[in-house]
Amino acid sequence: MRAMLLACGLLLAASPALAQRTDLPPADRVNEALDNHPSVAAAAARVEAARARGDMLRKGPHEVTVSGSYIRRTVDREGGFNEFDTTISRPFRLPGKAALDREAGALGVEVARNQMEDVRHQTALVFSGLWHDWLAAGSHYRNDLDTVRGLEASIAAIARRVALRDAAQLDHDQAAAALAQARAQAASSLASREQARVTLAATFPDIPLPPEPPELAIPELPADGLEAMRDLVIERSHEIGAADKEAQRLDVTARRVRADRVADPSFGVRLFSERGGTETGAGVVASIPLGGGYRRAAADQASAEANAARMELSAVTRTVEAMANADLSNARTRFNAWSNTESSARSAGDAAARTARGYQLGQIDLVDLLYAQRQTNDARRMEIDARSEANRALLRLEIDSHSIWAATDRE
């Protein structure tokens, strides 16, 4: 136990900001692990792709085109002539289109950045879930070991009383059965703990884990209040940010497509030589596509997509508001549930202690003692589950409100 506490202390000492949660790893280690997660790295690469698309839109596809031809002409009684012509032309964006392209490109980068931060946020929730699975399994295992040790001590005392003919062999058999059941439960808890550990280590290998998980911290309500954190969930939501920027981008794109119903003209110069150089010339050439039904349909499609994006923004906003309200309700009710189970576990422990003293004095049967011990074990397990769920709910509210493990932690 002392070695475990020392390892946990080394793990947690680097994070004074998380002093209220002694069972969490240092924030800088978590941020590093989140940044290095493949899902977050892929989303960061998409931000770079969005920047490249923005550069493409800013520069435009209007490139210089060079065309030419060579002809060998033969004229009766005049002979043959070498003739050629060359045209160099380039399309030009009409006024206003370049500004729309730049705006659309910049908004595309904002969309990708918000999506990356949302992926990072979802990854943080995954880490929180795996971490609490490990903590809860470790606390269950320690509790089950305590139960096993208590029963081992009890069965040793009963064995002495049986040897002195102060207790029946049936008492020893009943205690042995309870001990075997407790050992089986401890073995199951150990298996759950090790499974949770390997899953956590494989998913987030950048976070070093101590040999045993820290003890689950006592849940504490945030100083600013749960309602204030609920408001931050909506205010800082990257899902809403991404949907909002996407709606703006598609609106700009729709305006750009409507502007493109008047096609961009092309201008250039043409050089030619005919009859072997007897005739030469140079001139200016221009062309412009004449828009028709296709460009009109493209503009209608872009407008419809912009309208859809605005409706999706409204839907995402409602979803995030529902999530924020659920976070608030879950944190409050889980905390209250833990408070009740903690009182129940304490009362069950007190009752078991009095029952044990009564058994030692010969005033209480072994059946009653084993029942009280089983009740105490069940109450402690319920308290561990309730404490884990309360901590999960409170930490989720912190993560969703970007109060912990957020991008701002790295700045």
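Residues numbered from 1 in each chain as written. Predicted model: local features only at pLDDT ≥ 70, side-chain atom pairs only at ≥ 80, totals over all residues. Heavy atoms only, no water.

### Description of the overall build of the protein chain
Defined as follows: Think of it this way: any DSSP run of H or I at least four residues long counts as a helix, any run of E at least two long counts as a strand, and we number them from the N terminus. Burial here depends on accessible area, computed with a 1.4 Å probe over protein chains only, as a share of the maximum for the residue type. Under 20% is buried, over 50% is exposed, and the range in between is partly exposed. Contact definition: two residues touch when any of their heavy atoms are within 4.5 Å.
When its secondary structure is counted, the protein chain shows nine helices and four strands. Tracing the protein chain from N to C terminus, the helices and strands come up as α-α-α-β-β-α-α-α-α-β-β-α-α. Within the protein chain, buried positions represent 39% of all 411 residues. Partitioning the contacts of the protein chain with sequence separation of at least 6, the portion at a separation of at least 24 is 80%.

### A short note on the sheet that holds strand E1 (residues 65–75)
Pairing between the strands of a sheet is mediated by backbone hydrogen bonds and can be parallel or antiparallel. Rule in force here: Here, strands pair whenever DSSP counts at least two bridges between them. Only C-alpha atoms enter the line fits that serve as axes; for helices the fit covers just the stretch in contact. Angles between N-to-C directions range over 0 to 180 degrees.
Strand order in this open sheet of four strands is E1-E2-E3-E4, and the pairing throughout is antiparallel. The strands lining the two open edges of the sheet, one partner per strand, are E1 and strand E4 (279–287). Across the sheet, the mean angle from the axis of one strand to that of its neighbour is 15°, orientation sign disregarded. Pairing analysis gives eleven bridges linking E1 to strand E2 (residues 79–91), with the strands arranged antiparallel. By the bridge assignment, Val75 is partnered in E2 with Gly79.

### Description of the pattern of salt bridges
Side chains that differ in sign of charge can pair as their charged atoms come close. Selection rule: Whenever Lys or Arg places a side-chain nitrogen within 4 Å of a carboxyl oxygen from Asp or Glu, that contact is recorded as a salt bridge.
Under the criterion given, the structure shown has 30 salt bridges. Via salt bridges that share partners, Arg93, Lys97, Asp101, Arg256, Asp260, Asp264 and Arg295 belong to a single interconnected network.

### Description of the confidence of the model for the protein chain
Stated precisely, the cut-off is as follows: Note: pLDDT gives the predictor's confidence per residue, expressed from 0 to 100.
On average, residues of the protein chain carry a pLDDT of 86, and 88% of them reach 70 or more. Below a pLDDT of 50 lies the segment residues 1–20, which in the model reaches 28 contacts outside its immediate sequence neighbourhood of four places, other chains included.

### Digging into the nonpolar core
Going by this rule: Side-chain atoms within 4.5 Å are what join buried Ala, Val, Leu, Ile, Met, Phe, Trp, Tyr and Cys residues into a set we call a nonpolar core.
Formed by 23 residues in total, the largest nonpolar core has its most connected members in Phe127, Trp131, Leu200, Phe204 and Trp405. Listed by contribution, the elements that provide at least two residues to this core are helix H2 (27–36), helix H4 (97–163), helix H5 (169–203) and helix H9 (366–400). Looking at this core, the element that brings in the most residues is H4, giving seven residues. Discounting chain neighbours no more than four positions away, the residues touching Phe204 are Ala33, Leu34, His37, Thr123, Val126, Phe127 and Leu130. Core analysis: the second largest hydrophobic core is formed by 18 residues, Val233, Met323, Ala331 and Leu397 among them.

### Looking at the pairing of E4
For strand E3 (residues 266–274) and E4, the ladder comprises nine bridges, and the chain directions are antiparallel. Bridge pairing in E4 links Phe272 to Gly281. Counting the residues in the hairpin turn of E3 and E4 gives four residues, including Arg275, whose phi is positive at 50°.

### Some details on unusual backbone geometry
Backbone geometry at His402 places phi at a positive 55°, although glycine is not the residue there. Along the chain, His402 turns up in the segment after H9. Even without glycine at this site, Trp405 takes up a positive phi of about 55°. Mapped onto the secondary structure, Trp405 falls in the segment after H9.

### Let's talk about the side chain of His132
For His132, the position within the fold is in helix H4. The class for His132 is buried, based on a relative accessible area of 0%. With sequence-adjacent residues up to four places away left out, His132 is seen in contact with Arg21, Leu216, Ser388, Asn391, Arg392 and Leu395.

### Digging into the packing of aromatic side chains
Where we set the bar: Aromatic rings from Phe, Tyr and Trp, taking only the six-membered ring of Trp, are treated as a pair when their centres fall within 6.5 Å; an angle between ring planes under 30 degrees marks them as stacked, one over 60 as edge-to-face, and anything in between as tilted.
By the definition in use, this model includes six aromatic pairs. Considering the side-chain rings of Phe92 and Phe267, the 6.3 Å spacing of their centres and the 45° angle between planes classify their relative orientation as tilted. With Phe92 in the loop between E2 and H4 and Phe267 in strand E3, this pair connects stretches of sequence that are 175 residues apart. Seen from their ring centres, Phe127 and Trp131 are 5.6 Å apart, and the 35° between their planes marks the pair as tilted. Linking Phe127 with Trp131, this pair stays in helix H4, spanning four residues, or about one helical turn. Each member of the pair Phe127 and Trp131 is classed as buried. Taken together, Phe127, Trp131, Trp134, Phe204 and Trp405 form an aromatic cluster joined through their ring pairs.

### Details of a nonpolar patch on the surface
Where we set the bar: A residue counts toward a patch only above 30% relative accessible area and without a salt bridge, and it is joined to like-charged neighbours within 9 Å or, for Val, Leu, Ile, Met, Phe, Trp and Tyr, to nonpolar neighbours within 5 Å. Computed with the Shrake-Rupley method and a 1.4 Å probe, the accessible areas treat only the protein chains shown as cover for residues.
Together, Val64, Val66, Ile88, Val269 and Val284 line one region of the surface with nonpolar side chains, adding up to about 460 Å² of accessible area. Looking at where Ile88 falls in the secondary structure, it is placed in strand E2.

### Focus on the environment of Arg357
Tracing the backbone shows Arg357 in helix H8 (residues 293–360). Judged by its relative accessible area of 48%, Arg357 is partly exposed. Distance in space between the C-alpha atoms of Arg357 and Leu369 is 9.5 Å, their sequence separation being twelve residues.

### Quick look at helix H6 (residues 226–235)
Note the cut-off: By arc we mean the arc of the directions from the helix axis to the C-beta atoms, nothing more.
What H6 keeps buried is the set Leu226, Met229, Arg230, Leu232 and Val233. In a view along the axis of H6, the buried residues occupy a sector of 160°, so they form one face of it.

### Things to note about H2
Those residues of H2 lying buried are Ala27, Val30, Asn31, Ala33 and Leu34. Axial view of H2: buried residues confined to an arc of 165°, hence all on one face.

### Description of the environment of Arg346
In plain terms, the rule: Pairs of N or O atoms are called polar contacts if they sit within 3.5 Å, as long as, within protein, a hydrogen donor faces a hydrogen acceptor (for residues adjacent in sequence, only side-chain-to-side-chain pairs).
Within the secondary structure, Arg346 is located in helix H8. For Arg346, a relative accessible area of 45% corresponds to the partly exposed category. In this structure, the C-alpha to C-alpha distance between Arg346 and Arg380, residues 34 residues apart in sequence, is 8.3 Å. Among the polar contacts listed, one links the side chain of Arg346 to the side chain of Glu342, at a separation of 2.6 Å.

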